[in-house]
Amino acid sequence: MNRNITTLSAIEAIEQRRSVKRYDPTHKLSEAEIRLLIHLAALAPTSFNIQPTRFVVVTDPALKEELAKAAYGQPQVTESSAMVVITGDKNAYMNAARYWPDAPAEAKLGIVTSISGAYEDQPQRQRDEAILSGGLAAATLMLAVKAIGYDSCPMKGFDFDAVGKLVKLPENHIVVMMVAIGKKAAEPHPRSGLLPLEEVLIREHF
(Lines give C-alpha, C1' and ligand atoms only; values in the text may rest on other atoms or scores of the structure.)
Protein backbone atom coordinates (compact mmCIF):
# COMPACT_ATOMS: atom_id res chain seq x y z
CA MET A 1 0.00 0.00 0.00
CA ASN A 2 1.03 3.62 -0.60
CA ARG A 3 3.02 4.94 2.34
CA ASN A 4 4.03 8.32 0.84
CA ILE A 5 1.43 10.08 2.96
CA THR A 6 2.18 12.21 6.02
CA THR A 7 0.40 10.74 9.01
CA LEU A 8 -0.37 11.60 12.62
CA SER A 9 0.54 9.24 15.42
CA ALA A 10 -2.20 6.98 16.78
CA ILE A 11 -2.50 9.10 19.92
CA GLU A 12 -2.75 12.32 17.89
CA ALA A 13 -5.41 10.82 15.61
CA ILE A 14 -7.49 9.67 18.59
CA GLU A 15 -7.24 13.03 20.35
CA GLN A 16 -7.91 15.11 17.23
CA ARG A 17 -10.71 13.06 15.66
CA ARG A 18 -14.02 14.91 15.66
CA SER A 19 -17.37 14.40 13.98
CA VAL A 20 -17.26 17.00 11.20
CA LYS A 21 -20.50 18.01 9.49
CA ARG A 22 -19.36 20.39 6.72
CA TYR A 23 -16.91 19.52 3.94
CA ASP A 24 -15.33 21.07 0.88
CA PRO A 25 -17.54 19.65 -1.90
CA THR A 26 -14.86 20.27 -4.53
CA HIS A 27 -12.28 18.04 -2.86
CA LYS A 28 -11.69 14.53 -4.18
CA LEU A 29 -9.88 11.65 -2.55
CA SER A 30 -7.32 9.90 -4.72
CA GLU A 31 -7.75 6.23 -5.51
CA ALA A 32 -4.57 5.55 -3.52
CA GLU A 33 -6.03 7.29 -0.47
CA ILE A 34 -9.30 5.38 -0.73
CA ARG A 35 -7.51 2.05 -1.03
CA LEU A 36 -5.22 2.86 1.89
CA LEU A 37 -8.14 3.83 4.12
CA ILE A 38 -10.13 0.69 3.36
CA HIS A 39 -7.01 -1.45 3.74
CA LEU A 40 -6.50 -0.01 7.23
CA ALA A 41 -10.18 -0.30 8.19
CA ALA A 42 -10.19 -3.94 7.13
CA LEU A 43 -7.44 -4.62 9.67
CA ALA A 44 -9.92 -4.07 12.51
CA PRO A 45 -10.36 -7.19 14.66
CA THR A 46 -13.17 -9.67 14.04
CA SER A 47 -14.21 -12.74 15.99
CA PHE A 48 -12.56 -15.88 14.60
CA ASN A 49 -11.15 -13.64 11.83
CA ILE A 50 -14.38 -14.12 9.85
CA GLN A 51 -14.19 -10.55 8.47
CA PRO A 52 -17.90 -9.89 7.86
CA THR A 53 -17.50 -6.17 7.08
CA ARG A 54 -17.84 -4.77 3.57
CA PHE A 55 -17.18 -1.13 2.68
CA VAL A 56 -19.31 0.46 -0.05
CA VAL A 57 -17.43 3.61 -1.09
CA VAL A 58 -19.76 6.09 -2.77
CA THR A 59 -18.25 9.03 -4.67
CA ASP A 60 -20.79 9.39 -7.48
CA PRO A 61 -22.60 12.74 -6.95
CA ALA A 62 -25.94 11.42 -8.15
CA LEU A 63 -25.85 8.47 -5.78
CA LYS A 64 -24.75 10.71 -2.91
CA GLU A 65 -27.79 12.90 -3.63
CA GLU A 66 -29.99 9.84 -3.23
CA LEU A 67 -28.18 8.85 -0.04
CA ALA A 68 -28.76 12.38 1.27
CA LYS A 69 -32.50 11.98 0.76
CA ALA A 70 -32.37 8.78 2.80
CA ALA A 71 -30.37 10.69 5.44
CA TYR A 72 -32.98 13.44 5.78
CA GLY A 73 -30.91 16.02 3.90
CA GLN A 74 -27.85 16.03 6.13
CA PRO A 75 -25.27 18.17 4.27
CA GLN A 76 -22.22 16.00 4.95
CA VAL A 77 -23.59 13.33 2.62
CA THR A 78 -23.37 15.43 -0.54
CA GLU A 79 -20.45 17.64 0.54
CA SER A 80 -18.13 14.80 1.57
CA SER A 81 -15.45 13.47 -0.75
CA ALA A 82 -16.79 9.97 -0.15
CA MET A 83 -19.54 8.25 1.76
CA VAL A 84 -18.65 4.83 3.10
CA VAL A 85 -21.60 2.56 3.79
CA ILE A 86 -20.42 0.02 6.36
CA THR A 87 -22.19 -3.28 5.85
CA GLY A 88 -21.95 -6.74 7.37
CA ASP A 89 -22.35 -10.22 5.94
CA LYS A 90 -24.38 -12.31 8.39
CA ASN A 91 -23.23 -15.45 6.57
CA ALA A 92 -19.53 -14.67 6.90
CA TYR A 93 -19.09 -17.66 9.20
CA MET A 94 -19.76 -20.03 6.29
CA ASN A 95 -16.81 -21.49 4.36
CA ALA A 96 -14.74 -20.74 7.45
CA ALA A 97 -11.64 -22.53 6.20
CA ARG A 98 -10.87 -19.59 3.86
CA TYR A 99 -10.03 -17.38 6.85
CA TRP A 100 -7.25 -19.70 8.05
CA PRO A 101 -5.38 -20.79 4.89
CA ASP A 102 -2.00 -21.14 6.58
CA ALA A 103 -3.09 -22.84 9.79
CA PRO A 104 -1.97 -26.46 10.37
CA ALA A 105 -4.65 -28.93 9.30
CA GLU A 106 -5.52 -30.04 12.83
CA ALA A 107 -5.73 -26.49 14.12
CA LYS A 108 -7.80 -25.40 11.13
CA LEU A 109 -10.30 -28.21 11.74
CA GLY A 110 -10.72 -27.08 15.34
CA ILE A 111 -11.20 -23.44 14.36
CA VAL A 112 -13.70 -24.25 11.62
CA THR A 113 -15.67 -26.48 14.00
CA SER A 114 -15.72 -23.70 16.60
CA ILE A 115 -16.92 -21.13 14.06
CA SER A 116 -19.73 -23.38 12.89
CA GLY A 117 -20.78 -24.11 16.46
CA ALA A 118 -20.78 -20.43 17.38
CA TYR A 119 -22.91 -19.13 14.49
CA GLU A 120 -24.85 -21.86 12.74
CA ASP A 121 -28.58 -21.60 13.48
CA GLN A 122 -27.86 -18.51 15.59
CA PRO A 123 -29.38 -15.60 13.59
CA GLN A 124 -29.11 -13.11 16.45
CA ARG A 125 -25.44 -13.92 16.97
CA GLN A 126 -24.82 -13.63 13.23
CA ARG A 127 -26.40 -10.17 13.23
CA ASP A 128 -24.63 -9.11 16.40
CA GLU A 129 -21.28 -10.13 14.94
CA ALA A 130 -21.90 -8.10 11.78
CA ILE A 131 -22.78 -5.03 13.85
CA LEU A 132 -19.90 -5.37 16.32
CA SER A 133 -17.34 -5.96 13.58
CA GLY A 134 -18.74 -3.10 11.53
CA GLY A 135 -18.48 -0.77 14.51
CA LEU A 136 -14.83 -1.71 15.10
CA ALA A 137 -14.09 -1.23 11.40
CA ALA A 138 -15.84 2.16 11.35
CA ALA A 139 -13.82 3.37 14.35
CA THR A 140 -10.61 2.17 12.72
CA LEU A 141 -11.59 3.90 9.47
CA MET A 142 -12.26 7.22 11.20
CA LEU A 143 -8.91 7.15 12.99
CA ALA A 144 -7.16 6.31 9.72
CA VAL A 145 -8.96 9.22 8.03
CA LYS A 146 -7.78 11.61 10.74
CA ALA A 147 -4.26 10.18 10.62
CA ILE A 148 -3.84 11.11 6.94
CA GLY A 149 -5.17 14.61 7.39
CA TYR A 150 -8.89 14.38 6.63
CA ASP A 151 -12.03 14.30 8.74
CA SER A 152 -15.07 12.11 9.10
CA CYS A 153 -18.52 11.80 10.58
CA PRO A 154 -20.20 8.57 11.72
CA MET A 155 -23.87 8.38 10.82
CA LYS A 156 -26.81 6.28 11.89
CA GLY A 157 -29.53 8.89 11.36
CA PHE A 158 -30.86 7.60 8.06
CA ASP A 159 -33.35 5.18 6.56
CA PHE A 160 -31.41 1.91 6.68
CA ASP A 161 -33.73 0.10 4.27
CA ALA A 162 -33.53 2.91 1.71
CA VAL A 163 -29.73 3.00 1.90
CA GLY A 164 -29.61 -0.77 1.51
CA LYS A 165 -31.65 -0.52 -1.68
CA LEU A 166 -29.49 2.30 -3.05
CA VAL A 167 -26.27 0.29 -2.65
CA LYS A 168 -27.98 -2.91 -3.84
CA LEU A 169 -27.31 -4.68 -0.56
CA PRO A 170 -26.97 -8.45 -1.09
CA GLU A 171 -29.23 -10.88 0.71
CA ASN A 172 -28.03 -11.79 4.20
CA HIS A 173 -26.12 -8.49 4.51
CA ILE A 174 -27.10 -5.59 6.77
CA VAL A 175 -26.24 -1.90 6.80
CA VAL A 176 -24.36 -1.09 10.01
CA MET A 177 -23.71 2.65 9.63
CA MET A 178 -22.33 5.26 7.24
CA VAL A 179 -19.17 7.33 7.53
CA ALA A 180 -18.68 10.62 5.69
CA ILE A 181 -15.07 11.37 4.70
CA GLY A 182 -13.56 14.56 3.34
CA LYS A 183 -11.73 17.84 3.77
CA LYS A 184 -13.48 19.88 6.42
CA ALA A 185 -14.90 23.25 5.42
CA ALA A 186 -15.79 24.40 8.95
CA GLU A 187 -14.42 23.66 12.39
CA PRO A 188 -16.63 21.57 14.65
CA HIS A 189 -17.83 23.08 17.90
CA PRO A 190 -15.24 22.93 20.71
CA ARG A 191 -15.14 19.57 22.45
CA SER A 192 -17.10 19.73 25.70
CA GLY A 193 -19.14 17.61 28.05
CA LEU A 194 -16.68 14.75 28.40
CA LEU A 195 -17.26 12.87 31.63
CA PRO A 196 -14.30 12.96 34.02
CA LEU A 197 -11.88 10.06 33.85
CA GLU A 198 -12.60 9.29 37.50
CA GLU A 199 -16.21 8.52 36.55
CA VAL A 200 -15.56 6.28 33.54
CA LEU A 201 -12.44 4.45 34.76
CA ILE A 202 -13.56 1.49 36.91
CA ARG A 203 -10.92 -0.72 38.50
CA GLU A 204 -11.65 -4.44 38.87
CA HIS A 205 -15.44 -4.06 39.42
CA PHE A 206 -18.20 -1.53 40.14
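Residues numbered from 1 in each chain as written. Predicted model: local features only at pLDDT ≥ 70, side-chain atom pairs only at ≥ 80, totals over all residues. Heavy atoms only, no water.

Trainee: Help me understand a nonpolar patch on the surface in this model?
Mentor: A cluster of nonpolar side chains, contributed by Leu195, Leu197, Val200 and Leu201, occupies part of the molecular surface with about 390 Å² of accessible area. Owing to a relative accessible area of 52%, Leu195 belongs among the exposed residues under this scheme. (Patch = residues over 30% accessible without salt bridge, like charges linked within 9 Å, V, L, I, M, F, W, Y side chains within 5 Å. Areas by Shrake-Rupley, 256 points an atom, 1.4 Å probe, with all protein chains shown as cover. Salt bridge = Lys/Arg side-chain N within 4 Å of Asp/Glu carboxyl O. Buried < 20%, exposed > 50% of the residue type's maximum accessible area, 1.4 Å probe, protein only.)

Trainee: Where do I start with the packing of aromatic side chains in this structure?
Mentor: Geometrically, a pair of aromatic rings is defined through the distance of the ring centres and the angle of the planes. This structure, assessed with the given rule, holds 3 aromatic pairs. With centroids separated by 4.2 Å and ring planes inclined at 15°, the aromatic side chains of Phe158 and Phe160 adopt a geometry described as stacked. Overall, the relative accessible area of 5% leaves Phe158 in the buried class. Of the residues examined, Phe160 reaches a relative accessible area of 31% and is grouped as partly exposed. These aromatic residues form a ring-pair network of at least three members: Phe48, Tyr93 and Tyr119. (Phe/Tyr/Trp six-rings, centres within 6.5 Å; stacked < 30°, edge-to-face > 60°.)

Trainee: What is the right way to read the sheet that holds strand β3 (residues 151-155) from this model?
Mentor: Sheet strands pair via backbone hydrogen bonds, and the direction of the pair is either parallel or antiparallel. The strand order across the open sheet built from 4 strands is β1-β2-β4-β3, with neighbouring strands paired in antiparallel fashion. Strands with a single pairing partner mark the edges of an open sheet, and in this sheet they are β1 (53-58) and β3. On average, each strand axis in the sheet is tilted by 25° relative to the strand beside it, whichever way the strands run. Note that strand β2 (residues 82-89) and strand β4 (residues 173-182) share 8 bridges and pair antiparallel. Within β4, the residue paired with Val85 across the bridge is Met178. Along the sheet, helix α3 (residues 61-70) contacts β1, β2 and β4; its crossing angle with β1, the most-contacted strand, is approximately 115°. Its contacts with the sheet put helix α6 (residues 123-147) on β1, β2, β3 and β4, and the angle it makes with β4 is roughly 10°. (Pairing = 2+ DSSP bridges. Helix = DSSP H or I, 4+ residues; strand = E, 2+ residues; numbered from the N terminus. Axes fitted to C-alpha atoms, helices over the stretch in contact; angles between N-to-C directions. Contact = heavy atoms within 4.5 Å.)

Trainee: What should I look at first to understand the environment of Pro188 in this one?
Mentor: Of note, Pro188 is situated in the loop between β4 and α8 (197-200). The sequence separation of Pro188 and Ser19 amounts to 169 residues, and the corresponding C-alpha distance is 7.2 Å. Among residues more than four places away in sequence, those in contact with Pro188 are Arg18, Ser19 and Val20.

That's the geometry; what it means functionally is another story.
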